[in-house]
Amino acid sequence: MYTFCAPFSCGNFINITYPFWNLNTQSSYYGRPEFMLDCQNGRLTMEMMSKKFYILHINQSSQVLRIARDVLWSFLPGNEFSCPKHYGNVEIDSHFFHYTSNNEMYTILYECGDLPNSYFTPSFQIPFEVIGCYIDGKFHSTYVVSSSKLTDFNAVNGKHSITVPGKKNTLPNKSRVMEGTWNLKKKIIIGKLPDGREVAVKRLFKYGVNNEQQFLNEINILGRTFHRNLILLYGCTSLKSRRALVVYEYVPNGSLSDHLHGDKATPNKLPWNNRMRISVEIADALNNLHASHIIHRDIKTSNILLDAEYHVKVADFGLARLFPKDQSHVLTIPQRTSGYVDPEDNQTNALTYKSDVFSFGVVLIELITSLRAYDRNRKDDGVNLYDMAIKKIQDHTLHDIVDHTLGFDTDSMVKQMINGVAELALSCLQSSGDMRPTMESVLQCLQSLKDVKEIQPQVAGSSSPNDEIVLLNNDLA
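As the structure is a prediction and not an experimental result, all values here were calculated from the model.

Draft legend 1. Here's a closer look at the overall build of the protein chain. Looking only at helices and strands, one finds 10 helices and 24 strands in the protein chain. Taking all 477 residues of the protein chain together, the buried fraction comes to 52%. For the protein chain, long-range pairs separated by at least 24 residues make up 65% of all intrachain contacts whose partners lie at least 6 apart in sequence. Accessible surface computed for the protein chain: about 22,400 Å², of which carbon and sulfur atoms make up 48%.

Take a look at the structure:
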(Lines give C-alpha, C1' and ligand atoms only; values in the text may rest on other atoms or scores of the structure.)
Protein backbone atom coordinates (compact mmCIF):
# COMPACT_ATOMS: atom_id res chain seq x y z
CA MET A 1 0.00 0.00 0.00
CA TYR A 2 2.79 2.45 0.90
CA THR A 3 4.46 2.07 -2.49
CA PHE A 4 1.77 4.20 -4.08
CA CYS A 5 1.65 6.97 -1.51
CA ALA A 6 2.40 10.26 -3.22
CA PRO A 7 5.36 12.22 -1.81
CA PHE A 8 4.58 15.60 -0.29
CA SER A 9 6.48 18.87 0.04
CA CYS A 10 6.60 21.63 2.64
CA GLY A 11 8.62 24.80 2.14
CA ASN A 12 12.17 23.79 1.26
CA PHE A 13 11.44 20.12 1.98
CA ILE A 14 10.48 18.24 -1.18
CA ASN A 15 9.46 14.67 -2.04
CA ILE A 16 8.98 13.50 1.53
CA THR A 17 7.85 9.87 1.51
CA TYR A 18 7.02 6.93 3.77
CA PRO A 19 7.39 6.48 6.73
CA PHE A 20 6.59 10.20 7.06
CA TRP A 21 3.09 11.49 6.42
CA ASN A 22 1.51 14.95 6.39
CA LEU A 23 -1.05 15.58 9.12
CA ASN A 24 -2.71 18.28 7.00
CA THR A 25 -3.13 16.43 3.68
CA GLN A 26 -2.76 12.69 4.25
CA SER A 27 -4.46 9.98 6.26
CA SER A 28 -2.56 8.25 9.04
CA TYR A 29 -2.30 4.96 7.12
CA TYR A 30 -0.01 6.71 4.57
CA GLY A 31 2.89 6.36 7.03
CA ARG A 32 3.92 5.28 10.52
CA PRO A 33 2.03 7.04 13.36
CA GLU A 34 5.28 8.08 15.04
CA PHE A 35 6.43 9.86 11.86
CA MET A 36 3.52 12.28 11.56
CA LEU A 37 4.67 15.72 10.36
CA ASP A 38 2.83 19.03 10.61
CA CYS A 39 3.44 21.62 7.85
CA GLN A 40 2.67 25.22 8.82
CA ASN A 41 3.88 28.22 6.78
CA GLY A 42 6.59 26.16 5.10
CA ARG A 43 7.97 24.84 8.40
CA LEU A 44 7.83 21.18 9.45
CA THR A 45 7.37 20.01 13.02
CA MET A 46 6.89 16.67 14.69
CA GLU A 47 5.97 15.58 18.22
CA MET A 48 8.00 13.15 20.27
CA MET A 49 7.41 12.23 23.90
CA SER A 50 4.75 15.01 24.02
CA LYS A 51 7.27 17.67 22.95
CA LYS A 52 7.41 19.55 19.66
CA PHE A 53 10.52 19.56 17.45
CA TYR A 54 11.36 21.60 14.37
CA ILE A 55 12.60 19.58 11.41
CA LEU A 56 15.80 21.16 10.10
CA HIS A 57 16.91 18.49 7.64
CA ILE A 58 15.71 15.13 6.35
CA ASN A 59 17.94 12.70 4.46
CA GLN A 60 15.82 9.67 3.72
CA SER A 61 18.58 7.82 1.88
CA SER A 62 20.90 7.88 4.91
CA GLN A 63 17.96 7.82 7.35
CA VAL A 64 19.19 10.87 9.26
CA LEU A 65 16.83 13.43 10.72
CA ARG A 66 18.08 16.71 12.15
CA ILE A 67 15.75 18.36 14.65
CA ALA A 68 15.61 21.10 17.30
CA ARG A 69 13.27 21.58 20.25
CA ASP A 70 10.88 24.41 19.46
CA VAL A 71 11.27 26.11 22.86
CA LEU A 72 15.05 26.01 22.52
CA TRP A 73 15.02 27.20 18.91
CA SER A 74 12.87 30.31 19.22
CA PHE A 75 11.50 31.90 22.36
CA LEU A 76 8.06 33.30 21.66
CA PRO A 77 5.77 33.01 24.68
CA GLY A 78 2.88 35.47 24.63
CA ASN A 79 3.57 38.83 23.04
CA GLU A 80 7.15 39.34 24.23
CA PHE A 81 10.50 37.81 23.40
CA SER A 82 11.67 36.03 26.51
CA CYS A 83 12.99 32.68 27.61
CA PRO A 84 10.51 30.24 29.15
CA LYS A 85 11.18 30.00 32.84
CA HIS A 86 10.90 26.22 32.99
CA TYR A 87 12.26 23.82 30.40
CA GLY A 88 12.41 20.04 30.32
CA ASN A 89 15.26 17.76 29.34
CA VAL A 90 15.22 16.65 25.72
CA GLU A 91 14.23 13.02 25.20
CA ILE A 92 13.58 10.94 22.09
CA ASP A 93 11.53 7.80 21.58
CA SER A 94 14.21 5.10 21.62
CA HIS A 95 11.84 2.58 20.02
CA PHE A 96 12.09 4.46 16.74
CA PHE A 97 15.19 6.67 16.96
CA HIS A 98 18.71 6.60 18.26
CA TYR A 99 21.41 9.25 18.31
CA THR A 100 24.19 9.22 15.78
CA SER A 101 27.80 8.94 16.86
CA ASN A 102 28.16 12.62 15.99
CA ASN A 103 26.34 13.74 19.15
CA GLU A 104 27.31 14.71 22.64
CA MET A 105 25.37 16.07 25.60
CA TYR A 106 25.19 19.77 26.40
CA THR A 107 23.92 21.58 29.47
CA ILE A 108 22.03 24.86 29.23
CA LEU A 109 22.43 26.99 32.36
CA TYR A 110 19.87 29.78 32.74
CA GLU A 111 18.86 32.42 35.25
CA CYS A 112 22.59 32.77 35.86
CA GLY A 113 24.99 35.34 37.20
CA ASP A 114 27.86 36.75 35.16
CA LEU A 115 30.98 34.75 34.41
CA PRO A 116 34.32 36.18 35.55
CA ASN A 117 36.17 38.09 32.83
CA SER A 118 38.87 35.40 32.84
CA TYR A 119 36.42 33.07 31.06
CA PHE A 120 36.48 35.37 28.03
CA THR A 121 40.24 35.52 27.63
CA PRO A 122 42.24 33.41 25.13
CA SER A 123 43.80 31.45 27.99
CA PHE A 124 40.38 29.92 28.84
CA GLN A 125 40.08 27.18 26.23
CA ILE A 126 36.78 25.47 27.15
CA PRO A 127 34.17 26.22 24.45
CA PHE A 128 30.84 27.73 25.50
CA GLU A 129 28.16 30.06 24.15
CA VAL A 130 26.39 32.97 25.78
CA ILE A 131 22.82 33.88 24.86
CA GLY A 132 21.06 37.02 26.12
CA CYS A 133 17.72 36.12 27.65
CA TYR A 134 14.79 37.95 29.32
CA ILE A 135 13.06 36.01 32.10
CA ASP A 136 10.17 37.73 33.89
CA GLY A 137 11.23 41.01 32.30
CA LYS A 138 14.81 40.86 33.61
CA PHE A 139 17.84 40.30 31.40
CA HIS A 140 19.91 37.19 32.14
CA SER A 141 22.88 35.49 30.55
CA THR A 142 22.23 31.91 29.45
CA TYR A 143 25.22 29.61 28.96
CA VAL A 144 25.51 26.52 26.76
CA VAL A 145 28.38 24.20 27.76
CA SER A 146 29.45 20.64 27.15
CA SER A 147 28.06 18.49 29.96
CA SER A 148 31.50 16.95 30.38
CA LYS A 149 32.88 20.40 31.30
CA LEU A 150 30.04 21.46 33.58
CA THR A 151 32.15 21.58 36.74
CA ASP A 152 34.20 24.40 35.21
CA PHE A 153 31.11 26.62 35.20
CA ASN A 154 30.11 26.51 38.86
CA ALA A 155 30.94 30.20 39.01
CA VAL A 156 27.74 31.18 37.18
CA ASN A 157 25.51 29.96 40.03
CA GLY A 158 22.70 29.03 37.64
CA LYS A 159 19.30 28.54 39.25
CA HIS A 160 18.17 26.12 36.53
CA SER A 161 19.73 23.79 33.99
CA ILE A 162 18.67 21.22 31.45
CA THR A 163 20.56 18.65 29.41
CA VAL A 164 20.12 18.36 25.64
CA PRO A 165 21.85 16.37 22.90
CA GLY A 166 23.62 18.16 20.06
CA LYS A 167 26.24 17.79 17.37
CA LYS A 168 29.83 17.37 18.53
CA ASN A 169 32.05 20.44 18.40
CA THR A 170 29.05 22.74 17.95
CA LEU A 171 30.30 25.29 20.46
CA PRO A 172 32.87 27.80 19.19
CA ASN A 173 36.42 27.43 20.40
CA LYS A 174 37.47 31.03 20.97
CA SER A 175 41.02 30.60 19.79
CA ARG A 176 39.84 29.07 16.52
CA VAL A 177 37.03 31.53 15.93
CA MET A 178 39.48 34.40 16.20
CA GLU A 179 41.81 32.83 13.65
CA GLY A 180 40.81 34.51 10.41
CA THR A 181 41.31 37.45 8.14
CA TRP A 182 40.08 40.98 8.61
CA ASN A 183 37.70 42.40 6.04
CA LEU A 184 38.55 46.09 6.55
CA LYS A 185 35.65 47.31 4.42
CA LYS A 186 33.06 45.42 6.51
CA LYS A 187 34.99 45.61 9.82
CA ILE A 188 34.60 41.88 10.45
CA ILE A 189 36.83 38.86 10.93
CA ILE A 190 36.21 35.94 8.59
CA GLY A 191 37.08 32.63 10.21
CA LYS A 192 36.01 29.02 10.77
CA LEU A 193 34.43 27.08 13.60
CA PRO A 194 35.94 23.72 14.55
CA ASP A 195 33.22 21.94 12.54
CA GLY A 196 34.27 23.78 9.37
CA ARG A 197 31.48 26.36 9.19
CA GLU A 198 32.65 29.75 7.96
CA VAL A 199 31.70 32.62 10.24
CA ALA A 200 31.79 36.38 10.27
CA VAL A 201 32.82 37.89 13.61
CA LYS A 202 31.79 41.48 14.26
CA ARG A 203 33.43 43.41 17.09
CA LEU A 204 32.00 46.31 19.05
CA PHE A 205 34.83 48.86 18.92
CA LYS A 206 33.13 51.87 20.51
CA TYR A 207 31.39 51.37 23.81
CA GLY A 208 28.52 53.66 24.74
CA VAL A 209 24.82 53.49 25.54
CA ASN A 210 23.65 53.50 21.90
CA ASN A 211 26.27 51.08 20.61
CA GLU A 212 25.80 48.67 23.49
CA GLN A 213 22.02 48.81 23.06
CA GLN A 214 22.33 47.96 19.36
CA PHE A 215 24.74 45.13 20.23
CA LEU A 216 22.27 43.60 22.71
CA ASN A 217 19.29 44.35 20.50
CA GLU A 218 20.71 42.43 17.56
CA ILE A 219 21.55 39.42 19.73
CA ASN A 220 18.18 39.38 21.47
CA ILE A 221 16.23 39.50 18.21
CA LEU A 222 18.37 37.23 16.03
CA GLY A 223 18.66 34.72 18.87
CA ARG A 224 14.89 34.26 18.79
CA THR A 225 14.11 34.25 15.08
CA PHE A 226 14.73 31.72 12.39
CA HIS A 227 14.06 31.98 8.68
CA ARG A 228 16.01 30.77 5.68
CA ASN A 229 16.41 34.37 4.47
CA LEU A 230 17.54 35.89 7.79
CA ILE A 231 21.20 35.94 8.80
CA LEU A 232 21.94 33.16 11.29
CA LEU A 233 23.42 34.06 14.68
CA TYR A 234 25.88 31.51 16.07
CA GLY A 235 26.79 33.20 19.34
CA CYS A 236 28.34 36.16 21.13
CA THR A 237 30.52 37.17 24.04
CA SER A 238 29.40 39.18 27.04
CA LEU A 239 29.52 42.97 27.01
CA LYS A 240 31.62 42.65 30.16
CA SER A 241 34.29 40.69 28.34
CA ARG A 242 37.49 42.21 27.02
CA ARG A 243 36.10 42.06 23.48
CA ALA A 244 32.40 42.29 22.65
CA LEU A 245 31.93 39.99 19.66
CA VAL A 246 28.99 38.66 17.67
CA VAL A 247 29.43 35.53 15.52
CA TYR A 248 27.22 35.09 12.43
CA GLU A 249 27.14 32.73 9.51
CA TYR A 250 29.43 34.04 6.79
CA VAL A 251 27.65 35.11 3.59
CA PRO A 252 30.37 35.24 0.92
CA ASN A 253 28.80 36.99 -2.05
CA GLY A 254 28.54 40.55 -0.77
CA SER A 255 25.42 42.68 -0.50
CA LEU A 256 22.68 43.46 -2.97
CA SER A 257 24.07 46.99 -3.06
CA ASP A 258 27.44 45.61 -4.20
CA HIS A 259 25.75 43.85 -7.11
CA LEU A 260 23.59 46.82 -8.09
CA HIS A 261 25.95 49.75 -7.48
CA GLY A 262 29.33 48.49 -6.26
CA ASP A 263 32.33 46.52 -7.45
CA LYS A 264 30.18 43.49 -8.34
CA ALA A 265 27.84 45.51 -10.57
CA THR A 266 28.75 44.20 -14.02
CA PRO A 267 26.37 43.77 -17.00
CA ASN A 268 24.21 40.63 -16.81
CA LYS A 269 25.71 39.75 -13.41
CA LEU A 270 22.27 39.98 -11.79
CA PRO A 271 19.67 39.08 -14.43
CA TRP A 272 15.97 39.67 -13.94
CA ASN A 273 15.10 36.13 -12.83
CA ASN A 274 17.56 36.51 -9.94
CA ARG A 275 16.23 39.96 -9.06
CA MET A 276 12.65 38.69 -9.06
CA ARG A 277 13.57 35.83 -6.77
CA ILE A 278 15.54 38.18 -4.51
CA SER A 279 12.52 40.46 -4.13
CA VAL A 280 10.36 37.49 -3.10
CA GLU A 281 12.91 36.27 -0.56
CA ILE A 282 13.30 39.72 1.04
CA ALA A 283 9.51 40.03 1.29
CA ASP A 284 9.29 36.53 2.79
CA ALA A 285 11.88 37.43 5.45
CA LEU A 286 10.12 40.71 6.31
CA ASN A 287 6.74 39.03 6.46
CA ASN A 288 8.22 36.51 8.90
CA LEU A 289 9.62 39.33 11.07
CA HIS A 290 6.32 41.21 11.11
CA ALA A 291 4.44 38.03 12.01
CA SER A 292 6.86 37.75 14.95
CA HIS A 293 6.16 41.38 16.00
CA ILE A 294 9.54 42.71 14.82
CA ILE A 295 10.19 45.83 12.73
CA HIS A 296 13.60 45.80 11.05
CA ARG A 297 13.83 49.62 10.69
CA ASP A 298 16.88 49.56 8.40
CA ILE A 299 15.92 47.76 5.20
CA LYS A 300 18.30 48.80 2.44
CA THR A 301 20.30 47.04 -0.25
CA SER A 302 23.55 47.14 1.77
CA ASN A 303 21.82 45.15 4.57
CA ILE A 304 20.62 42.45 2.17
CA LEU A 305 23.38 39.87 1.76
CA LEU A 306 23.57 37.29 -1.03
CA ASP A 307 25.03 33.82 -0.75
CA ALA A 308 26.90 31.99 -3.50
CA GLU A 309 23.59 30.99 -5.13
CA TYR A 310 22.25 34.57 -4.91
CA HIS A 311 19.78 33.74 -2.17
CA VAL A 312 18.95 36.43 0.36
CA LYS A 313 20.12 36.83 3.94
CA VAL A 314 18.65 39.93 5.59
CA ALA A 315 21.17 41.29 8.10
CA ASP A 316 21.95 44.12 10.55
CA PHE A 317 19.29 44.12 13.27
CA GLY A 318 20.90 46.78 15.46
CA LEU A 319 17.97 49.18 14.94
CA ALA A 320 15.22 46.55 14.95
CA ARG A 321 12.39 46.92 17.44
CA LEU A 322 9.98 44.55 19.10
CA PHE A 323 6.50 45.83 18.36
CA PRO A 324 3.89 45.50 21.14
CA LYS A 325 0.95 43.49 19.85
CA ASP A 326 -1.64 45.80 21.36
CA GLN A 327 -0.23 49.07 19.93
CA SER A 328 -0.68 50.69 16.51
CA HIS A 329 2.68 52.48 16.55
CA VAL A 330 5.83 53.14 18.58
CA LEU A 331 7.28 56.61 19.06
CA THR A 332 10.93 56.76 18.00
CA ILE A 333 13.48 59.03 16.38
CA PRO A 334 14.26 58.07 12.74
CA GLN A 335 17.87 56.81 12.53
CA ARG A 336 17.93 55.14 9.15
CA THR A 337 19.72 55.80 5.88
CA SER A 338 18.81 58.66 3.56
CA GLY A 339 16.69 57.50 0.66
CA TYR A 340 14.98 54.74 2.63
CA VAL A 341 13.34 56.61 5.52
CA ASP A 342 9.56 56.73 5.49
CA PRO A 343 8.63 60.47 5.18
CA GLU A 344 5.73 59.83 7.55
CA ASP A 345 8.25 58.74 10.22
CA ASN A 346 10.04 62.09 9.91
CA GLN A 347 6.79 63.96 10.40
CA THR A 348 5.28 61.97 13.27
CA ASN A 349 8.16 59.89 14.76
CA ALA A 350 5.56 57.07 14.81
CA LEU A 351 7.12 53.78 13.79
CA THR A 352 4.83 51.09 12.31
CA TYR A 353 5.20 47.93 10.25
CA LYS A 354 4.44 50.11 7.22
CA SER A 355 7.81 51.83 7.74
CA ASP A 356 9.50 48.62 6.60
CA VAL A 357 7.03 48.40 3.71
CA PHE A 358 8.12 51.86 2.50
CA SER A 359 11.83 50.95 2.66
CA PHE A 360 11.13 47.73 0.80
CA GLY A 361 9.35 49.74 -1.89
CA VAL A 362 12.59 51.67 -2.41
CA VAL A 363 14.52 48.39 -2.72
CA LEU A 364 12.05 47.23 -5.39
CA ILE A 365 12.72 50.40 -7.39
CA GLU A 366 16.47 49.81 -7.08
CA LEU A 367 15.99 46.28 -8.42
CA ILE A 368 14.20 47.46 -11.57
CA THR A 369 16.38 50.52 -12.22
CA SER A 370 19.84 49.63 -10.77
CA LEU A 371 19.95 53.24 -9.50
CA ARG A 372 21.01 54.28 -6.00
CA ALA A 373 18.31 55.12 -3.46
CA TYR A 374 19.97 58.45 -2.69
CA ASP A 375 22.24 60.38 -5.03
CA ARG A 376 23.07 64.07 -4.67
CA ASN A 377 24.33 64.14 -8.26
CA ARG A 378 20.82 63.59 -9.62
CA LYS A 379 19.06 66.83 -10.47
CA ASP A 380 15.72 68.31 -9.42
CA ASP A 381 13.50 65.72 -7.70
CA GLY A 382 15.83 62.81 -8.34
CA VAL A 383 18.00 62.95 -5.22
CA ASN A 384 15.64 60.48 -3.55
CA LEU A 385 15.01 57.66 -6.00
CA TYR A 386 11.49 57.12 -4.69
CA ASP A 387 10.46 60.69 -5.61
CA MET A 388 11.67 60.20 -9.17
CA ALA A 389 10.15 56.73 -9.47
CA ILE A 390 6.72 57.80 -8.20
CA LYS A 391 6.58 60.55 -10.83
CA LYS A 392 7.75 58.24 -13.65
CA ILE A 393 5.30 55.48 -12.78
CA GLN A 394 2.39 57.89 -12.47
CA ASP A 395 3.32 59.53 -15.80
CA HIS A 396 3.66 56.10 -17.48
CA THR A 397 7.31 56.82 -18.31
CA LEU A 398 8.91 54.02 -16.33
CA HIS A 399 10.98 53.13 -19.40
CA ASP A 400 13.02 56.29 -18.77
CA ILE A 401 14.59 54.84 -15.62
CA VAL A 402 14.29 51.04 -15.97
CA ASP A 403 17.53 49.08 -16.41
CA HIS A 404 17.23 48.03 -20.06
CA THR A 405 19.84 45.28 -19.71
CA LEU A 406 17.17 43.24 -17.86
CA GLY A 407 15.20 42.51 -21.05
CA PHE A 408 12.48 45.14 -20.62
CA ASP A 409 12.54 45.87 -24.37
CA THR A 410 13.10 42.35 -25.67
CA ASP A 411 11.18 39.95 -23.41
CA SER A 412 7.43 40.49 -22.98
CA MET A 413 7.30 38.34 -19.82
CA VAL A 414 10.09 40.34 -18.20
CA LYS A 415 8.38 43.59 -19.17
CA GLN A 416 5.12 42.37 -17.66
CA MET A 417 6.84 41.44 -14.38
CA ILE A 418 8.83 44.69 -14.17
CA ASN A 419 5.66 46.74 -14.74
CA GLY A 420 3.91 44.69 -12.06
CA VAL A 421 6.78 45.17 -9.58
CA ALA A 422 6.77 48.93 -10.33
CA GLU A 423 3.03 49.17 -9.57
CA LEU A 424 3.55 47.21 -6.34
CA ALA A 425 6.45 49.49 -5.39
CA LEU A 426 4.22 52.51 -5.98
CA SER A 427 1.66 51.14 -3.50
CA CYS A 428 4.48 50.56 -0.96
CA LEU A 429 5.65 54.18 -1.40
CA GLN A 430 2.31 55.83 -0.63
CA SER A 431 2.79 58.87 1.60
CA SER A 432 0.29 57.54 4.15
CA GLY A 433 1.17 54.30 5.86
CA ASP A 434 -2.53 53.38 6.00
CA MET A 435 -2.56 53.30 2.20
CA ARG A 436 0.33 50.83 1.95
CA PRO A 437 -0.17 47.06 1.79
CA THR A 438 1.01 44.69 4.50
CA MET A 439 4.12 42.63 3.88
CA GLU A 440 1.93 39.55 3.67
CA SER A 441 0.01 41.12 0.76
CA VAL A 442 3.27 42.29 -0.83
CA LEU A 443 4.69 38.76 -0.64
CA GLN A 444 1.58 37.24 -2.21
CA CYS A 445 1.69 39.77 -5.05
CA LEU A 446 5.37 39.14 -5.76
CA GLN A 447 4.87 35.38 -5.75
CA SER A 448 2.07 35.78 -8.29
CA LEU A 449 4.28 37.95 -10.50
CA LYS A 450 7.17 35.50 -10.23
CA ASP A 451 4.93 32.62 -11.25
CA VAL A 452 4.26 34.35 -14.56
CA LYS A 453 7.57 32.94 -15.77
CA GLU A 454 7.59 30.03 -13.30
CA ILE A 455 11.04 30.80 -11.90
CA GLN A 456 11.67 28.19 -9.27
CA PRO A 457 14.22 29.23 -6.61
CA GLN A 458 16.04 26.60 -4.59
CA VAL A 459 16.74 28.17 -1.25
CA ALA A 460 19.89 26.96 0.46
CA GLY A 461 19.49 25.50 3.94
CA SER A 462 21.19 26.78 7.06
CA SER A 463 23.03 24.92 9.72
CA SER A 464 22.92 25.59 13.40
CA PRO A 465 23.33 23.92 16.78
CA ASN A 466 20.74 21.14 16.75
CA ASP A 467 19.95 17.51 17.45
CA GLU A 468 20.87 14.83 14.93
CA ILE A 469 19.18 11.45 15.10
CA VAL A 470 18.90 8.34 12.98
CA LEU A 471 15.55 6.86 12.00
CA LEU A 472 14.98 3.21 12.86
CA ASN A 473 12.57 0.75 11.21
CA ASN A 474 11.99 3.04 8.24
CA ASP A 475 11.08 0.38 5.68
CA LEU A 476 11.58 2.99 3.00
CA ALA A 477 9.81 2.18 -0.23
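Draft legend 2. Spotlight on the packing of helix α5 (residues 272-291) against helix α10 (residues 439-450). Between α5 and α10, the least distance of the axes is 9 Å, while the angle of their chain directions is 155°. When the axes of α5 and α10 are compared, the pair comes out roughly antiparallel. Relative to α10, the crossing made by α5 is left-handed. Here α5 contributes Met 276, Ser 279, Val 280, Ala 283, Asp 284, Leu 286, Asn 287 and His 290 to the contact with α10, which in turn contributes Met 439, Glu 440, Val 442, Leu 443, Leu 446, Gln 447, Leu 449 and Lys 450. Taken together, the residues of the contact of α5 with α10 break down into 9 nonpolar, 4 polar and 3 charged.

Draft legend 3. Just the state of the cysteines, in detail. This structure, assessed with the given rule, holds 1 disulfide. Between Cys 428, a cysteine without a disulfide, and Cys 445, which holds the nearest cysteine sulfur, the sulfur-to-sulfur distance is 8.5 Å. Taking relative accessible area as the criterion, Cys 445 reaches 31% and is therefore assigned partly exposed.

Draft legend 4. Layout of the packing of α5 against helix α7 (residues 353-369). Packing of α5 against α7 leaves a shortest axis separation of 11 Å and a crossing angle of 175°. In terms of axis orientation, α5 runs roughly antiparallel to α7. Within the contact between the two elements, α5 uses Trp 272, Arg 275, Ser 279, Ile 282, Ala 283, Leu 286 and His 290 and α7 uses Tyr 353, Asp 356, Phe 360, Val 363, Leu 364, Glu 366, Leu 367 and Ile 368.

Draft legend 5. How the structure looks around α7. The terminal C-alpha atoms of α7 lie 25 Å apart, and with 17 residues this matches the ideal 24 Å at 1.5 Å per residue to within 8%. Across the 17 residues that make up α7, a large majority, 16, are buried. Sitting at the amino-terminal end of α7 is Thr 352, which places a side-chain oxygen 3.1 Å from the backbone nitrogen of Lys 354. Phi for Ser 370, located one or two positions after α7, is positive at around 65°.

Draft legend 6. Representation of the pairing of strand β17 (residues 245-249) in the model. When you tally the buried positions in β17, you get 5 out of 5 residues, the bulk of the element. Examined bridge by bridge, strand β15 (residues 198-203) and β17 share 5 bridges and lie antiparallel to one another. The partner of Ala 200 across the bridge, within β17, is Tyr 248. Strand direction decides the pairing type here: strand β16 (residues 233-236) and β17, joined by 3 bridges, are antiparallel. Opposite Cys 236, over in β17, you have Val 246 as the bridge partner.

Draft legend 7. Here's a closer look at the nonpolar core. Counting residues in hydrophobic clusters, the biggest one holds 72 residues, and the most contacted among them are Leu 256, Trp 272, Ile 282, Phe 317, Phe 360, Ile 418 and Leu 446. Counting 18 residues, the second largest nonpolar core, distinct from the first, contains Leu 44, Met 48, Leu 65 and Ile 67.

Draft legend 8. A look at the confidence of the model for the protein chain. When pLDDT is averaged across the protein chain, the result is 77; 72% of the residues are at 70 or more. Segment residues 74-81 is flagged for pLDDT under 50; beyond a separation of four residues in sequence, or across chains, it makes 17 contacts in the model. Taken together, the stretch residues 174-185 has pLDDT below 50 and engages in 34 contacts with residues farther than four places along the chain or on a different chain.

Draft legend 9. Looking closely at the packing of aromatic side chains. One pass over the full model with this rule turns up 2 aromatic pairs. Relative to Phe 35, the ring of Phe 20 lies with its centre 5.5 Å away and its plane at 85°, an arrangement referred to as edge-to-face. Here the residue Phe 20 occupies a position in the loop between β2 (13-16) and β3 (21-22), and Phe 35 occupies one in the loop between β3 and β4 (36-40), the gap between them amounting to 15 residues. Owing to a relative accessible area of 2%, Phe 20 belongs among the buried residues under this scheme. Here Phe 35 falls in the buried class, since its relative accessible area comes to 0%. When the centroid spacing of 5.0 Å and the interplanar angle of 80° are considered together, the rings of Phe 358 and Tyr 386 count as edge-to-face.

Draft legend 10. Summary view of the side chain of Asp 356. Mapped onto the secondary structure, Asp 356 falls in helix α7. For Asp 356, a relative accessible area of 0% gives the class buried. A polar contact is formed between the side chain of Asp 356 and the backbone nitrogen of Arg 297, at a distance of 3.0 Å. Ignoring anything within four residues of it in the chain, the contact list for Asp 356 reads Leu 286, His 290, Ile 295, His 296, Arg 297 and Ile 299.

Draft legend 11. Representation of the pattern of salt bridges. Throughout the structure, instances matching the rule amount to 8 salt bridges. For Glu 249, the salt bridge identified is with Lys 313, shortest N-O distance 3.4 Å. Taken as a pair, Glu 249 in strand β17 and Lys 313 in strand β20 (residues 312-314) lie far apart in primary sequence, 64 residues in all. In this structure, Glu 249 and Lys 313 share a single accessibility class: buried.

Draft legend 12. Highlighting the side chain of Thr 369. Of note, Thr 369 is situated in helix α7. With a relative accessible area of 5%, Thr 369 lands in the buried category. For Thr 369, the side chain forms a polar contact with the main-chain oxygen of Ile 365, separated by 2.8 Å. Among the polar contacts made by the side chain of Thr 369, one reaches the main-chain amide nitrogen of Leu 371 at a distance of 3.1 Å. Setting aside chain neighbours within four positions, we find Thr 369 in contact with Leu 385, Ile 401, Val 402 and Asp 403.

Draft legend 13. Up close: the pairing of strand β14 (residues 188-192). With 4 of 5 residues buried, β14 is to be regarded as a mostly interior element. Where β14 meets β15, 5 bridges bridge the pair, whose relative direction is antiparallel. Bridge pairing in β15 places Lys 192 opposite Glu 198.

Draft legend 14. α5, seen in detail. In this model α5 runs 28 Å from its N-terminal to its C-terminal C-alpha over 20 residues, within 8% of the 28 Å that 1.5 Å per residue would give. In terms of residue burial, α5 counts as a mostly covered element, since 18 of its 20 residues are buried.

So, how was this worked out
Residues numbered from 1 in each chain as written. Predicted model: local features only at pLDDT ≥ 70, side-chain atom pairs only at ≥ 80, totals over all residues. Heavy atoms only, no water. Helix = DSSP H or I, 4+ residues; strand = E, 2+ residues; numbered from the N terminus. Buried < 20%, exposed > 50% of the residue type's maximum accessible area, 1.4 Å probe, protein only. Contact = heavy atoms within 4.5 Å. Areas by Shrake-Rupley, 256 points an atom, 1.4 Å probe, with all protein chains shown as cover. Axes fitted to C-alpha atoms, helices over the stretch in contact; angles between N-to-C directions. Parallel < 35°, antiparallel > 145°, perpendicular 65-115°, else oblique. Left-handed = near helix turned anticlockwise from the far one by under 90°. Nonpolar A, V, L, I, M, F, W, Y, C, P; charged D, E, K, R; others polar. Disulfide = S-S within 2.5 Å. Expected span 1.5 Å × (residues − 1). Polar contact = N/O pair within 3.5 Å; in protein donor to acceptor, adjacent residues only side chain to side chain. Pairing = 2+ DSSP bridges. Core = buried A, V, L, I, M, F, W, Y, C linked by side-chain atoms within 4.5 Å. pLDDT = per-residue confidence, 0-100. Phe/Tyr/Trp six-rings, centres within 6.5 Å; stacked < 30°, edge-to-face > 60°. Salt bridge = Lys/Arg side-chain N within 4 Å of Asp/Glu carboxyl O.

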